Amino acid sequence: MSADPRPLTGEPLALDLLNTRWMREGAVQDLLTDTDGLTVWLGANALDGRFEANTPALRHALQARDALHKAVHEAATAPLDAVLEHGRIRATLTAEGPGEVPEFRDPAWGPAWLAARNYLELIGAAPDRIRGCAHEACILHFFDTSRNGTRRWCSMAACGNRAKASRHYARTKES
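Every value quoted in this text rests on a predicted model; they were computed, and no experiment measured them.

> Any chance you could explain the overall build of the protein here in plain terms?
A tally of regular secondary structure across the protein gives 6 helices and 6 strands. Going from the N terminus to the C terminus, the protein shows its helices and strands as α-β-β-α-α-α-β-β-α-β-β-α. For the C-alpha atoms alone, the extent of the protein along its principal axes is close to 65 × 35 × 30 Å. Here the protein, with 175 residues, has 38% of them falling under the buried criterion. When contacts within the protein are restricted to residue pairs at least 6 apart in sequence, those whose partners lie at least 24 apart make up 47%. About 9,900 Å² of surface is accessible on the protein, with carbon and sulfur atoms providing 50% of the total. The averaged location of the 22 negative side-chain charges in the protein is 8 Å from the averaged location of its 21 positive side-chain charges.

What follows is the structure, encoded as structure tokens:
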């Protein structure tokens, strides 16, 4: 498996799928241009042992990514509901107690459906903590887990530092 080239990883599954597109030097980069990129994304989210990175799974992941983008930026529900129609949660009883098992009409929908389902969990837990990076040239998303909920940047080392440097440059230029 290739190394994950994305600048931000480790976000909840829904946002990590959104973050398969990012900016580098003013150009949009896309991890999901082929099944090799899907393999990287599945591996980064520990889904590679459960799902195959094939063309139908890639097509469904792209549909889910577009649906998530519309849900986050336009509050559109129909595209995400269309993805969610391809799976369901089945309640089970395990040795450890009550459990849930996701089931899919077609296993190729698994990763896309799980990402859409994760978005429902995020908006159920803390919808105001789903954020886009505040840097004007960044398209990454994150789930704000800071104590006071004031995180603004996808990464303080990257976008936050660029913003601080830009403000400093503007102040010194005015002087």
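> In this structure, what is going on with the side chain of Asn19? I would like to understand it.
Assignment of secondary structure puts Asn19 in the loop between helix 1 (13–18) and strand 1 (21–24). A distance of 2.8 Å separates a polar atom in the side chain of Asn19 from the backbone oxygen of His141.

What counts as what
Residues numbered from 1 in each chain as written. Predicted model: local features only at pLDDT ≥ 70, side-chain atom pairs only at ≥ 80, totals over all residues. Heavy atoms only, no water. Helix = DSSP H or I, 4+ residues; strand = E, 2+ residues; numbered from the N terminus. Buried < 20%, exposed > 50% of the residue type's maximum accessible area, 1.4 Å probe, protein only. Contact = heavy atoms within 4.5 Å. Areas by Shrake-Rupley, 256 points an atom, 1.4 Å probe, with all protein chains shown as cover. Lys, Arg positive; Asp, Glu negative; His and termini not counted. Charge placed at Lys NZ, Arg CZ, Asp CG, Glu CD. Polar contact = N/O pair within 3.5 Å; in protein donor to acceptor, adjacent residues only side chain to side chain.

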